[in-house]
Structures are given as C-alpha cells and as structure tokens.
Number of protein chains: 2
Amino acid sequence: MARTGRPRSFDDRQVIEAAKEVFWQRGYTRTSMRELKNELGVLPGSLHGAFGDKHTFFLRALERYAEDAREAATALRVDGPALSRVRQFLTEALDAARSAPGRGCMLGNTAAEVLPEDEEAGRIIRRAFGELEAALEEALINARRAGEVRADVDCGAYARLLLALLQGLHVIARVERDPRRLDDAIDAALAAITASGADARPL
Amino acid sequence: MARTGRPRSFDDRQVIEAAKEVFWQRGYTRTSMRELKNELGVLPGSLHGAFGDKHTFFLRALERYAEDAREAATALRVDGPALSRVRQFLTEALDAARSAPGRGCMLGNTAAEVLPEDEEAGRIIRRAFGELEAALEEALINARRAGEVRADVDCGAYARLLLALLQGLHVIARVERDPRRLDDAIDAALAAITASGADARPL
DNA sequence: TCTCTTCTTGGACGAGTGGTCAAGAAATGA
DNA sequence: TCATTTCTTGACCACTCGTCCAAGAAGAGA
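Under an unreviewed UniProt entry, chain A has the name TetR/AcrR family transcriptional regulator and belongs to Plantactinospora alkalitolerans.

Student: So what exactly am I meant to see when it comes to the overall build of chain A here?
Tutor: Per the secondary structure count, chain A includes nine helices and zero strands. Ordered by position from the N terminus, the helices and strands of chain A form the series α-α-α-α-α-α-α-α-α. Structurally, chain A occupies a C-alpha span of about 70 × 45 × 30 Å along its principal axes. Here chain A holds 203 residues, and the buried ones make up 50% of them. Long-range pairs, those at least 24 residues apart, make up 70% of the contacts in chain A between residues at least 6 apart in sequence. For chain A, the exposed surface amounts to about 10000 Å²; the carbon and sulfur share of it is 49%.

Student: Quick question: what am I supposed to make of the relation of the copies chain A and chain B here?
Tutor: For the pair chain A and chain B, the superposition axis carries a translation of 0.0 Å, the fit reaches an RMSD of 0.0 Å, and the rotation angle comes to 180°. Classification of the inter-copy transformation places it as that of a two-fold axis. In this assembly, 98% of the residues forming the interface of chain A have copies in chain B that are likewise at the interface, indicating an isologous arrangement.

Student: What exactly am I supposed to notice about the protein's contact with DNA strand C here?
Tutor: Taken together, 23 residues surround DNA strand C, and among them Gly5, Arg6 and Ser9 of chain A together with Met33 and Lys54 of chain B come closest. For DNA strand C, the fraction of atoms within 4 Å of the protein that belong to sugar or phosphate moieties is 66%. At 3.2 Å, a side-chain N or O of serine 46 of chain A approaches a phosphate oxygen of DNA strand C. One of the side-chain N or O atoms of arginine 34 of chain B is found 3.0 Å from a base nitrogen in DNA strand C. For the surface near DNA strand C, the secondary-structure elements that each account for two or more residues are α3 (44-51) of chain A together with α2 (33-40) and α3 (44-51) of chain B. Looking at side-chain class alone, the surface near DNA strand C contains five nonpolar, 11 polar and seven charged residues.

Student: How should the protein's contact with DNA strand D be read in this particular structure?
Tutor: Near DNA strand D you find 24 residues, and of these Met33, Arg34 and Lys54 of chain A together with Arg6 and Ser9 of chain B are the closest. In DNA strand D, atoms within 4 Å of the protein come 65% from sugar and phosphate. One of the backbone nitrogen or oxygen atoms of threonine 31 of chain A is found 3.3 Å away from a phosphate oxygen of DNA strand D. Here a phosphate oxygen of DNA strand D sits 2.8 Å away from a polar atom, N or O, in the main chain of methionine 33 of chain A. Among the elements of the structure, α2 (33-40) and α3 of chain A together with α3 of chain B are those that each provide at least two residues to the surface near DNA strand D. A per-element tally of the surface near DNA strand D places α3 of chain A first, with three residues. Broken down by class, the residue content of the surface near DNA strand D amounts to six nonpolar, 11 polar and seven charged.

Student: I tried to follow the UniProt feature "DNA-binding region" (unreviewed entry) in chain A on my own but got confused; where do I start?
Tutor: Under the feature "DNA-binding region" (unreviewed entry), the UniProt entry names residues 32-51 of chain A. Helix makes up 80% of residues 32-51 of chain A and strand 0%, with an end-to-end C-alpha separation of 15 Å.

Student: Could you clarify how one ought to interpret the packing of helix α6 (residues 106-114) of chain A against helix α7 (residues 119-145) of chain A in this entry?
Tutor: Helix packing geometry: the angle between the two helix axes and the distance between the axes. All names here are of chain A. Where α6 meets α7, the axes come as close as 10 Å, and the angle between the chain directions of the two elements is 140°. The angle between α6 and α7 falls in the class oblique. Between α6 and α7 lies a crossing whose hand is left-handed. Contact residues: Leu107, Gly108, Thr110, Ala111 and Val114 in α6; Ala121, Ile125, Ala128 and Phe129 in α7. Tallied by class, residues from the contact of α6 with α7 come to seven nonpolar, two polar and no charged.

Student: Looking at this structure, how should I read the packing of α7 of chain A against helix α8 (residues 155-172) of chain A?
Tutor: Residue and element names in this part refer to chain A. Where α7 meets α8, the closest approach of the two axes is 8 Å, and the angle between their N-to-C directions is 125°. With respect to each other, α7 and α8 are oriented oblique. In this structure, α7 meets α8 at a crossing whose hand is right-handed. On α8, the residues that touch Phe129, Leu132, Glu133, Leu136, Glu137, Leu140, Ile141 and Arg144 of α7 are Cys155, Gly156, Tyr158, Ala159, Arg160, Leu162, Leu163 and Gln167.

Student: I'm lost on the environment of methionine 106 of chain B in this one. Help?
Tutor: Residues and elements named next belong to chain B. Relative to the assigned elements, methionine 106 resides in helix α6 (residues 106-114). Spatially, the C-alpha atom of methionine 106 lies 24 Å from that of aspartate 187, the residues being 81 residues apart in sequence. Excluding anything up to four places from it in sequence, methionine 106 contacts Lys20, Phe23, Trp24, Phe58, Ala61, Leu62 and Tyr65.

Student: Explain the side chain of arginine 150 of chain A to me, please; I cannot follow it from the model alone.
Tutor: Relative to the helices and strands, arginine 150 of chain A resides in the loop between α7 and α8. A polar atom in the side chain of arginine 150 of chain A sits 2.7 Å from the backbone oxygen of alanine 192 of chain A. Apart from the residues lying within four places of it in its own chain, the contact partners of arginine 150 of chain A are Arg144, Ala192, Ile193, Thr194 and Ala195 of chain A together with Arg150, Ala191 and Ala192 of chain B.

Student: Please explain the pattern of salt bridges as it appears in this structure.
Tutor: As a working rule, side chains carrying opposite charge can pair if their charged atoms are close by. Counting across every chain of the model gives 41 salt bridges over all chains. The partner of lysine 20 of chain A in a salt bridge is glutamate 17 of chain A, and the shortest N-O contact between them spans 2.8 Å. Placement of the pair is lysine 20 of chain A and glutamate 17 of chain A together in helix α1 (residues 12-26), with a separation of three residues, close to one helical turn. Judged by relative accessible area, glutamate 17 of chain A falls into the partly exposed class, the value being 25%. Among the salt bridges present, the one from arginine 64 of chain B reaches glutamate 17 of chain B, with a minimum N-O distance of 2.9 Å. Note that arginine 64 of chain B is positioned in helix α4 (residues 54-73) and glutamate 17 of chain B in helix α1 (residues 12-26), a separation of 47 residues in sequence. One salt-bridge network, in which partners are shared between bridges, spans Glu133 and Arg160 of chain A together with Glu176, Arg181 and Asp184 of chain B.

Calculation criteria
- Per chain, residue numbering runs from 1 following the sequence as it is written.
- All chains are assigned letters beginning at A, and all ligands numbers beginning at 1, according to the order in which they are written.
- It should be noted that, the model being predicted, local features are given only for residues of pLDDT at least 70 and side-chain atom pairs only at 80 or more, the latter also being counted only at that level, while totals for whole chains, interfaces and linings use all residues.
- Heavy atoms from the whole structure form the basis of all side-chain values; hydrogens and water molecules are not counted.
- Helix and strand definitions here come from DSSP, where helices need a minimum of 4 consecutive H or I residues and strands a minimum of 2 consecutive E residues; each element is numbered from the N-terminal end.
- Exposure classes here rest on a 1.4 Å probe applied to the protein chains alone. A residue is buried below 20% of its type maximum, exposed above 50%, and partly exposed in between.
- It only takes one pair of heavy atoms within 4.5 Å for two residues to be counted as in contact.
- A 1.4 Å probe and the Shrake-Rupley method give the accessible areas. Residues count as covered only by the protein chains that appear here.
- In superposing the copies, a least-squares fit is computed on C-alpha atoms, taking residues whose pLDDT is at least 70 in both.
- The near set for a molecule or strand comprises every residue that places at least one heavy atom within 4 Å of it.
- By the criterion applied in these results, polar contacts are pairs of N or O atoms within 3.5 Å in which, for protein atoms, one can donate a hydrogen and the other can accept it, and in which residues neighboring in sequence qualify only through two side-chain atoms.
- Here the nonpolar group is Ala, Val, Leu, Ile, Met, Phe, Trp, Tyr, Cys and Pro; Asp, Glu, Lys and Arg are the charged ones; every other residue, Gly included, is treated as polar.
- UniProt positions are given in the numbering used here, feature names are shortened, and annotations may be inferred rather than shown by experiment.
- The convention used is that axes are lines fitted to C-alpha atoms, helices contributing only their stretch in contact, and that angles between N-to-C directions extend from 0 to 180 degrees.
- Here roughly perpendicular refers to angles of 65 to 115 degrees, roughly parallel to angles under 35, roughly antiparallel to angles over 145, and oblique to all remaining angles.
- By convention the crossing between two helices is left-handed if the near helix lies anticlockwise of the far one by an angle smaller than a right angle, and right-handed if it lies clockwise.
- In what follows, salt bridge is the name for a side-chain nitrogen of Lys or Arg lying within 4 Å of a carboxyl oxygen of Asp or Glu.

Here is the structure:
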C-alpha cells in the first residue's frame with residue numbers, strides 16, 4: 001500500500017524534543033495541552049492524531065529524556081582517570097538543571113509527581129536509574145582498580161549513593177542560593193573515598 | 001469584645017494534621033478541595049472560612065510537616081555516639097516514607113512540584129533544609145571530635161551531602177523494589193568517613 | 001483533472017476545578 | 001426568650017481541563 005494523503009506539517013522528533021522541555025520544566029499535571037499547543041505550534045487535534053492522548057505523549061517525552069541521560073552516562077565509560085570522570089558527570093548533570101530555574105531532573109521530578117500510580121512512567125524511570133547506577137559502579141570499580149579509590153569501598157553501594165546524591169542535589173538546588181555549596185557536596189562525596197596518596201582535588 | 005457565635009465543629013489541629021497526610025501523599029496540584037472535604041469531613045465553605053483558600057491551607061500543612069522534621073532532627077542533638085545517631089536519623093526518616101507507598105518527603109516533593117514559582121513554600125522548605133543541615137553538621141562535628149569520623153572530613157559539606165542523599169533516597173525509593181539497597185547507601189555514606197579503628201558497622 | 005487518503009483547524013463537550021453565597025443551625029449575652 | 005454572632009451546609013458559578021469531531025486543505029496516484 002503506497003503511503004498517500006496530506007503530509008505532516010511538523011517534524012515528530014522536533015515536537016517531542018520541545019515537549020520534553022515543557023514537561024521537564026512544568027511537570028506532567030501542571031502542563032496543559034493548550035500550553036503545549038502554544039509552545040509547539042501544533043493544534044490539539046493534530047497532537048492527538050500524531051501522538052495519542054496526553055499521557056502517551058508525556059511518556060514519549062520522558063523516554064526521550066531517559067535517552068539523553070543514557071547518552072550522558074556513556075561519558076563515564078571512556079578511558080582516563082575514572083574518578084574525575086565521575087566528578088565531571090555529576091557536575092555536568094547538575095549544570096544541566098541549573099541552566100534554567102526549576103527544572104531539576106525530569107526522571108526525579110516525574111518519580112516524585114506520578115509514582116507509584118503511573119506504572120509505565122515507573123518502568124522508564126527504573127530502567128534509566130538502573131543504567132546510571134550501573135555506569136557509576138563500573139567507573140568506581142575502575143577507579144578502585146587504578147588505586148584512585150580506597151580498597152575497602154563498596155562500589156555498588158557507593159554508586160547508589162552517588163545516584164541518590166545527584167537526585168537530592170537537584171531537589172536542594174531549587175532552594176539553594178549559593179550553587180557552589182552543591183559542588184562542595186560532590187567534592188565531599190568523592191574525597192571520602194579517595195585513596196590517601198592519590199591526587200586529591202585541592203579544597 | 002466577648003467571643004460569641006456558633007463554635008467550630010472540628011479541631012483545627014486535627015484538620016491540619018489530616019490535610020498534611022493528604023497533601024503529603026498526593027501533592028499540592030493533584031489534591032482537590034473535594035478530596036480534602038471527603039477525607040477531612042469538612043465542607044468547602046467551612047474550610048475556606050477557617051483556613052482561607054487552598055494555597056494558604058496547603059502552606060499550613062507544609063509548615064506542620066516542617067515542624068515534624070524539625071522535631072525529628074532534635075534526636076541528632078542528644079548525647080551518645082554521634083555517628084550512630086546520624087545513621088538512626090537517616091534510617092528513620094526513610095522508614096517514615098516507606099510506611100506508605102509513594103509519599104517520599106513532603107519538603108522534597110513540594111520543592112520539585114511548585115518551586116521556584118511558589119516563594120512562600122520556598123521559604124518554608126529552605127528554612128527546614130537549613131535546620132536539618134545544621135543539625136547534621138553539628139552531629140558530624142561531635143563525631144569527629146570523638147574520633148568516630150576521620151579528621152580530614154569537611155563536616156559542613158558532608159552534612160549537605162547527607163541531606164541531599166536523604167532527599168535522593170526518597171526519590172529512588174519510589175522505583176526501588178529492594179528496600180535494603182537504600183540502607184546500603186546510607187551505610188556506604190557513613191563507612192566512607194568512619195575513622196579506621198572506630199567501631200565500624202558490620203557489613 | 002478528479003478521486004482518495006491523510007492531516008489541519010478550531011470550536012464544542014462533559015467532567016472536574018477552586019471558590020462563593022444565601023439560608024439554616026447553634027452558641028452567647030441581655 | 002430573643003437578638004446577635006459565628007459556623008455549617010450544599011448547591012452553584014465561572015473557568016479550565018483533556019478530548020473529540022465535522023469540515024476544509026493538501027498531497028499522491030490515475
């Protein structure tokens with residue numbers, strides 16, 4: 001069957017990308033379809049025709065965000081001093097949230113807003129968190145093997161700690177006026193497991 | 001002027017307490033006045049007469065939650081081995097959230113939901129976070145003085161880390177199926193600063 | 001050019017929202 | 001007992017929400 005009929009007047013990927021930004025900033029419940037219409041320049045009828053209802057549309061945007069996070073985590077896997085990769089990953093993740101007021105992490109925001117009712121969103125978030133945790137653990141293990149991290153550190157538990165720390169910093173960033181205090185917390189987390197003798201970051 | 005007229009048919013404190021539970025569980029936006037009416041047994045007219053509009057009512061409930069958190073933090077100030085007090089505080093705070101599905105910390109939930117738009121809520125949250133951080137820092141300093149914590153630990157930065165960790169654990173708890181993994185993260189955070197030779201908790 | 005198919009447009013719908021208000025009920029003080 | 005004051009009751013208002021749909025527009029194929 002040949003595809004025929006009037007073509008889409010917009011690019012699906014661009015629309016999802018724009019919707020991601022709006023949902024990221026305002027959350028699921030507080031974002032109305034009318035708001036999306038204005039921001040995206042697509043009328044509600046077309047939006048429903050192309051992406052289904054609000055919830056499925058939101059899941060697409062959330063999935064897109066999760067892919068971004070997954071991609072950012074690949075930076076943990078490159079060669080080089082593993083501990084500074086971890087620091088850089090955490091700092092950059094925080095900066096992404098600080099680039100606009102009140103965004104935080106869309107995964108954490110969504111978890112706080114709609115879980116545990118929304119099981120589909122839960123699956124996306126659980127998977128993304130799991131991958132981030134695994135990437136962090138792998139980096140920590142490499143760092144320990146290289147002597148950057150003390151030998152007695154439980155890398156699995158500490159990776160979970162770092163993921164939770166990142167999520168918590170996103171929350172605290174909403175009320176914290178001095179951004180440097182957040183970086184200090186990251187430094188403290190890494191300093192606490194740095195092997196004595198390894199190149200510690202100057203305070 | 002003597003107070004006269006028909007008396008309240010409900011106790012203000014009890015209503016605020018019940019409203020705190022509902023807002024804690026469901027958040028600000030997703031909780032409707034009708035839901036509160038059903039849950040609290042107070043009709044909308046009376047609710048407005050007694051507490052004003054939804055937003056001021058919510059702030060009362062949030063303030064109430066902040067007082068609870070403040071009270072819980074006083075447990076950090078009692079005498080005894082400071083580090084185990086910290087561990088107990090973090091664990092109990094997490095348990096309070098795990099006692100019901102999808103509650104988390106009302107301060108963090110609210111921060112993620114309505115900040116930075118809602119400045120009044122922001123003030124309440126900022127103050128509560130500040131007090132928790134200060135109480136944690138004080139406990140860490142005591143622990144360091146007692147030799148439980150390594151001398152090179154920056155207690156201020158690490159207190160911030162622990163507060164962020166707690167907030168992050170609340171977020172992650174919404175998707176984590178094995179609760180013990182969260183306790184492991186707390187253990188890892190404290191093990192990382194425990195002075196060698198001090199009584200470390202068995203793994 | 002004409003038909004077929006798909007997308008766009010924008011108004012409309014029912015449900016649910018926060019908030020209001022007039023009437024009735026219950027207490028006080030004289 | 002009665003006037004006064006305050007609280008309760010539940011219907012009601014204007015508004016916003018997500019969603020739907022009939023009519024028109026725009027491309028592809030014959």
